[in-house]
Amino acid sequence: MNIVLLGGPGAGKGTQAAMLVEEFKTPHISTGDMLRAAVAAGTDLGKKAKSFMDAGELVPDDVIIGLVIDRLQEPDTDAGFILDGFPRTSAQAVALDAELGKLERPLDAALLIDVDPEVIVKRLCSRRMCRDCGFIGNESDAACPKCGGEMYQRDDDNEATVRNRLEVYEKSTSPLIDYYRGSELLVAIDGDRDPKVVYADVKEALSL
Ligand code: ADP
Ligand code: ZN
């Protein structure tokens with residue numbers, strides 16, 4: 001399966017991707033995770049990206065497109081991939097189509113996880129992540145329920161930044177819904193339900 005996950009910040013893309021990875025072992029390519037790893041490692045990319053991320057703005061297209069294209073050359077993606085957080089702009093979507101055309105590995109679906117913005121603000125302000133395994137939980141998790149690791153709050157999960165991320169999503173990313181509808185790849189799912197219920201729908205929508 002070659003899929004892209006669409007949906008606002010906090011829609012549950014990472015959670016659904018983690019469930020797909022666990023069941024199908026498909027590589028998960030999350031540009032947000034890649035950028036956070038670069039920031040933590042203090043690389044040039046991380047230094048370039050950090051101020052954009054902290055403000056809830058998009059990292060420039062040229063930076064992010066190169067990163068994803070490089071990742072798609074790695075052999076583990078031959079059997080499929082789940083792109084999460086990319087594409088986020090029309091330029092990124094066009095660049096992705098061009099690269100997948102070149103690789104002769106077209107997309108099978110663009111899966112939209114749809115959630116109301118006010119639900120998102122609440123979710124993201126209470127979201128906590130595991131430092132060790134990346135598990136996505138919330139403020140009621142004192143330690144990681146999966147590995148016992150320390151839970152932390154992402155720098156950009158505060159209300160002001162979340163509202164900006166939602167605006168950026170509406171303006172730059174939501175037009176991609178029509179883009180993928182136009183190429184008949186779009187499948188939409190109501191993401192405002194228990195993650196396991198959403199997952200059942202995800203599998204049905206992808207005929208898995
Ligand atoms: P979320 O979906 O919860 O907003 P992500 O973890 O996907 O968060 O991304 C966090 C931040 O990383 C974004 O706000 C943005 O600054 C940057 N980023 C991630 N993916 C992209 C992308 N495809 N294009 C530009 N910036 C990106
Ligand atoms: Zn953990």
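Remember, it's a predicted structure, so these values are computed and weren't measured experimentally. (Residues numbered from 1 in each chain as written. Chains lettered and ligands numbered in written order. Predicted model: local features only at pLDDT ≥ 70, side-chain atom pairs only at ≥ 80, totals over all residues. Heavy atoms only, no water.)

Draft legend 1. Spotlight on helix H4 (residues 61–72). Here H4 contains 12 residues, and its C-alpha end-to-end distance of 16 Å stays within 8% of the 16 Å for a straight helix at 1.5 Å per residue. Listed in full, the buried residues belonging to H4 are Val-63, Ile-64, Ile-65, Leu-67, Val-68, Arg-71 and Leu-72. Of the surrounding secondary structure, the elements contacted by the buried residues of H4 are strand S2 (28–30), helix H2 (31–41), helix H3 (44–55), strand S3 (81–84) and helix H5 (90–103). (Helix = DSSP H or I, 4+ residues; strand = E, 2+ residues; numbered from the N terminus. Expected span 1.5 Å × (residues − 1). Buried < 20%, exposed > 50% of the residue type's maximum accessible area, 1.4 Å probe, protein only. Contact = heavy atoms within 4.5 Å.)

Draft legend 2. The coordination of the zinc ion (ligand 2), seen in detail. Here the zinc ion (ligand 2) is held by the protein donor atoms Cys-130 (SG), Cys-133 (SG), Cys-144 (SG) and Cys-147 (SG), which lie 2.3 to 2.4 Å from it. Bound by 4 donor atoms, the zinc ion (ligand 2) shows angles of 103 to 115° at the metal and therefore tetrahedral coordination geometry. Each donor residue of the zinc ion (ligand 2) lies on the same chain, and together they follow the pattern C-x2-C-x10-C-x2-C. Residue Cys-130 is classed as buried on the basis of its relative accessible area, which comes to 3%. (Donors = N, O, S within 2.8 Å, 3.2 Å for Na, K, Ca; no water. Tetrahedral: all angles 85-135°; square planar, octahedral: opposite > 155°, others 65-115°.)

Draft legend 3. Layout of the nonpolar core. Residues Leu-6, Leu-83, Leu-96, Leu-107 and Tyr-180 are the most contacted members of the largest nonpolar core, which totals 29 residues. For this core, the secondary-structure elements that each account for two or more residues are strand S1 (2–6), H3, H4, S3, H5, strand S4 (109–114) and helix H8 (175–182). At 6 residues, H4 tops the list of elements feeding residues into this core. Those residues within four positions of Leu-83 in sequence are excluded, and the remaining contacts are Ile-3, Val-4, Leu-5, Ile-29, Val-68 and Leu-96. Listed in part, the 12 residues of the second largest apolar core include Ala-109, Val-198, Val-202 and Leu-206. (Core = buried A, V, L, I, M, F, W, Y, C linked by side-chain atoms within 4.5 Å.)

Draft legend 4. The site of ligand 1, seen in detail. In the neighbourhood of ligand 1, 20 residues make up the surrounding shell, with Thr-31, Arg-36, Glu-57, Gly-85 and Arg-165 lying closest. For ligand 1, an oxygen atom lies 3.4 Å from a polar atom in the side chain of Arg-127. Within the side chain of Arg-154, one N or O atom sits 3.1 Å away from an oxygen atom of ligand 1. Look at ligand 1: alone it shows 550 Å² of surface, and the protein chains cover 97% of it. Among the elements that line the shell around ligand 1, the one with the most residues is H2, at 4 residues. (Near = heavy atom within 4 Å. Polar contact = N/O pair within 3.5 Å; in protein donor to acceptor, adjacent residues only side chain to side chain. Areas by Shrake-Rupley, 256 points an atom, 1.4 Å probe, with all protein chains shown as cover.)

Draft legend 5. Local environment of the sheet that holds strand S8 (residues 186–190). As summarised here, the arrangement of the 5 strands in space is S2-S3-S1-S4-S8, forming an open sheet in which the pairing is parallel. Pairing within the sheet leaves two strands with one partner each, and these edge strands are S2 and S8. The sheet shows a mean angle of 20° between the axes of neighbouring strands, taken without regard to direction. As judged from the 4 bridges shared by S1 and S4, these two strands associate in the parallel manner. Of the residues in S4, the one forming a bridge with Val-4 is Ala-110. The strands touched by H2 are S2 and S3; relative to S2, the strand with the most contacts, the crossing angle is about 65°. (Pairing = 2+ DSSP bridges. Axes fitted to C-alpha atoms, helices over the stretch in contact; angles between N-to-C directions.)

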